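Single-letter residue listing:
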Amino acid sequence: MPTGSFIIACGGTGGHLSPGIALAERLITRGHRVRLIVSRKEVDSRLCRKYSHLEFVRTPGAPFSLNPVKFAKCVTAQTAALAFSLRLLRASRPDAVIAFGGFTAIGLAASASILGIPVILHEANRRPGKAIKLLSKLCSRLYLPPGIFLSGVHGTKLAHPGYPLRKEIRRMNRDSARQTLGIDTHGKLLVIMGGSQGASVFNEWVRSNIEFLGTAGINVFCVTGLGKGTEGVFEFPSLLGGTAKAWFIPFADKVAELFSAADLVISRAGAGAMAELIQCRTPSILVPYPHAADNHQEENARYLEQQGASIVVTQNGMDTLRHEVRDLIFNEWMLERMRDNMRQISRHDAAEWIARDLERIVLEHTTAETPISQTA
């Protein structure tokens, strides 16, 4: 199709922003213009700085809450977001709006629907969120994970393309990845990562178990989250001889390198983290965040466990976690089996598939709006 214009709402969490960036880069390589709508949160700002070649626009907005004060804040912020989005869309008139869920999606998708601009929604989690359910009646296309459906959405309106990954998310040679990250060890490496905003419970678990892991000969690389831990490198004596090391950093910009460097990862079960683990063929132990909306992380984690690509430990059961780590990280047969299962899950390029589908949607919409006298 000729050069098109797209606006992508994808802010609020790394799980929304990362696929938005992946899709934006793919659309740009296909000759289209793209703007990304993000929140004003620090987690968005941090990732946006890495992609200075992309155009980001920050929108008002706040997540839904039943707390009276937070609910009032949400209503006020979303009203401002609707007004902001209407001004933006009237000025830019994009060919389509794509929303990846979350509070940044609502004002933009609603405004696009009011103005007759096609709305495309992407839900990465295996239990659709409130924003996606609310907006599903307005969309031209809804992308859901494989095997997931939503009441009232069917036929050609529904597709299951998978999770768009940034082009740099790919499996690397383990030693090269470790060298890039400055990890000077050839022993076993456990990576602990609590998502884009960290997880205090993971940080506490590492501090409580660091000597046990070091003694077992397991090196640790912990992403603490911004403002949630002290940076540094520590050494511990190992029963296997020499020392084991523990690295602590607040934020990981090089996710592909980190996952490729690891023998095993402990992670939350956000859809983005899981897609990146699959792409990097990294075995994992998933600890779903128990307070996630609609408990969607539990659903995500159990799916990957059923595919034989991960082990699930509940947050209440984390007292067993260190033994799970020790038993799995030295079990080469099981680790390789997990990698093989991940190869079966990841089979196509979701970003490319979605980019081509968006072009079809825009072409169909443009053709439908063109008077018959002009198409004869």
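Note that the coordinates shown come from a computational prediction; the quantities given were computed from them, not determined experimentally.

A.B. asks: Describe the overall build of the protein chain, with residues and values.
C.D. replies: If you tally the helices and strands in the protein chain, you get 14 helices and 14 strands. Expressed as a percentage of its 376 residues, the buried residues of the protein chain come to 53%. Partitioning the contacts of the protein chain with sequence separation of at least 6, the portion at a separation of at least 24 is 64%. Mean positive and mean negative side-chain charge positions of the protein chain (44 and 33 charges, respectively) differ by 5 Å.

A.B. asks: Any details on the sheet that holds strand β12 (residues 264-267)? Residues and values, ideally.
C.D. replies: Pairing is mixed across the open sheet formed by seven strands, whose spatial order is β10-β11-β9-β8-β12-β13-β14. Edge strands, defined here as strands with exactly one partner in the open sheet, are β10 (232-237) and β14 (310-312). On average, each strand axis in the sheet is inclined to that of its neighbour by 20°, with strand direction left out of account. Pairing of β12 with strand β13 (residues 284-286), which is carried by three bridges, proceeds in the parallel orientation. Residue pairing in the sheet places V265 in a bridge with S284 of β13. Strands in contact with helix α11 (residues 321-329) are β8 (188-193), β9 (218-223), β12, β13 and β14; relative to β12, the strand with the most contacts, it is inclined by about 155°.

A.B. asks: Talk me through the nonpolar core; I want residue IDs and the actual numbers.
C.D. replies: In this structure, L190, I192, W205, I266 and V325 are the most contacted members of the largest nonpolar core, which totals 60 residues. The residues contacting V325, other than those within four sequence positions of it, are L190, W205, L213, I218, L264, I266 and I285.

A.B. asks: Can you lay out α11 for me, pointing to particular residues and giving the numbers?
C.D. replies: The periodicity of an α-helix, 3.6 residues per turn, causes residues three or four places apart in sequence to face the same way. For α11, every residue scored as buried is listed here: L321, V325, L328 and I329. Mapping the buried residues of α11 onto a view down its axis gives an arc of 85°, with all of them on the same face.

A.B. asks: Outline the side chain of R126, supporting the account with residue identities and numerical values.
C.D. replies: Tracing the backbone shows R126 in the loop between β5 (119-122) and α5 (130-135). There is no salt bridge for the buried R126, and the closest opposite charge comes from E299, which lies 5.7 Å off by N-O distance. Among residues more than four places away in sequence, those in contact with R126 are P145, P146, I148, E299, N300 and Y303.

A.B. asks: Tell me about the packing of aromatic side chains, residues and numbers included.
C.D. replies: Inspection of the entire model under this criterion finds three aromatic pairs. Arranged with centres 6.3 Å apart and planes meeting at 25°, the rings of F221 and W247 form a pair that is stacked. Here W247 lies in strand β11 (residues 243-249) and F221 lies in strand β9, a separation of 26 residues in the sequence. Like F221, the residue W247 is buried in the burial classification. For the pair F234 and F248, a centre-to-centre distance of 5.7 Å together with 75° between the ring planes defines the contact as edge-to-face. A residue pair is termed long-range when its members are at least 10 positions apart, and F234 in strand β10 and F248 in strand β11 qualify at 14 residues. By relative accessible area, which is 40% here, F234 ends up partly exposed. The ring of F212 has R322 sitting right over it, with the charged end atom 4.2 Å from the ring centre. Its guanidinium or amino end placed over the ring of W353, R360 lies 5.9 Å from that ring's centre, counting from NZ or CZ.

A.B. asks: Before we move on, could you go through the pairing of strand β1 (residues 5-9) and cite the residues and values that matter?
C.D. replies: Extensive coverage of β1 is indicated by the burial of five of its five residues. Burial along β1 is two-sided: the residues S5, I7 and A9 and F6 and I8 are all buried. Examined bridge by bridge, β1 and strand β2 (residues 33-38) share five bridges and lie parallel to one another. Note that in β2 the partner of I7 across the bridge is R35. Each parallel crossover has a hand, and the one from β1 via helix α1 (residues 14-29) to β2 is right-handed.

A.B. asks: Explain helix α13 (residues 350-369) to me, and be specific about the residues and the numbers.
C.D. replies: Here α13 spans 29 Å end to end across 20 residues, near enough to the 28 Å set by a 1.5 Å rise per residue. Within α13 the residues assigned to the buried category are A350, A351, E352, I354, A355, D357, L358, E359, I361 and V362. Two to three positions downstream of the cap, the backbone nitrogen of A351 sits 3.2 Å from a side-chain oxygen, assigning the N-cap of α13 to D349.

A.B. asks: Let's hear about the sheet that holds strand β3 (residues 56-58): which residues, and what values?
C.D. replies: Strand order in the open sheet formed by seven strands is β3-β2-β1-β4-β5-β6-β7, with parallel pairing between adjacent strands. Here the strands that pair on one side only, and so sit at the sheet edges, are β3 and β7 (158-159).

A.B. asks: Kindly report on the side chain of R26, identifying the contributing residues and their values.
C.D. replies: Along the chain, R26 falls in helix α1. By relative accessible area, which is 17% here, R26 ends up buried. Those residues in contact with R26 that lie beyond four places of it in its chain are D349, A351, E352 and A355.

A.B. asks: Could you give me a rundown of unusual backbone geometry, with the residues and numbers involved?
C.D. replies: Of note in the backbone geometry, D294 takes a positive phi value of approximately 55° without being a glycine. In this structure, D294 sits in the loop between β13 and α10 (296-306). The class for D294 is partly exposed, based on a relative accessible area of 33%. Phi angles above zero are rare outside glycine, and N295 is one such case at about 55°. Of note, N295 is situated in the loop between β13 and α10.

Scoring rules and cut-offs
Within each chain, residues carry numbers counting from 1 in the order of the written sequence. Local features in this predicted model are restricted to residues whose pLDDT is 70 or higher, and side-chain atom pairs enter the listing and the counts only when it is 80 or higher, whereas totals over whole chains, interfaces and linings include all residues. To obtain the side-chain values, all non-hydrogen atoms of the structure were included, while hydrogens and water were left out. Segments assigned H or I by DSSP are reported as helices when at least four residues long, segments assigned E as strands when at least two residues long, and all are numbered from the N terminus. Burial classes follow relative accessibility: with a 1.4 Å probe on protein chains only, a residue under 20% of its type's maximum area counts as buried, one over 50% as exposed, and anything between as partly exposed. Contacts are residue-level and defined by heavy atoms, with any inter-residue pair within 4.5 Å sufficient. Here the positive residues are Lys and Arg and the negative ones are Asp and Glu; neither His nor the chain ends is included. By convention, the point assigned to a charge is CZ for Arg, NZ for Lys, CD for Glu and CG for Asp. Two strands form a pair only when DSSP identifies at least two bridges running between them. The axes are straight lines fitted to the C-alpha atoms, using for helices just the contacting stretch, and the angles between their N-to-C directions are given from 0 to 180°. Here, nonpolar core means buried Ala, Val, Leu, Ile, Met, Phe, Trp, Tyr and Cys residues that are tied together by side-chain atoms lying within 4.5 Å of each other. Arc, as used here, means the arc of the directions from the helix axis to the C-beta atoms. For this document, the term salt bridge refers to a Lys or Arg side-chain nitrogen within 4 Å of an Asp or Glu carboxyl oxygen. Any Phe, Tyr or Trp ring, taking Trp's six-membered ring, that has another such ring centre within 6.5 Å forms a pair; planes under 30 degrees apart are called stacked, those over 60 apart edge-to-face, and the others tilted. In this scheme, Lys NZ or Arg CZ marks a charge over a ring once it lies within 6 Å of the ring centre and within 35 degrees of the ring normal. Convention used here: a crossover is right-handed provided that the path from the first strand, over the helix, to the second strand proceeds clockwise when the strands point away from the viewer. Helices are assigned an expected span. That span is 1.5 Å times one less than the residue count. Pairing of N or O atoms within 3.5 Å defines a polar contact, subject to two protein rules: one partner must be a possible hydrogen donor and the other a possible acceptor, and residues neighboring in sequence count only if both atoms are side-chain atoms.

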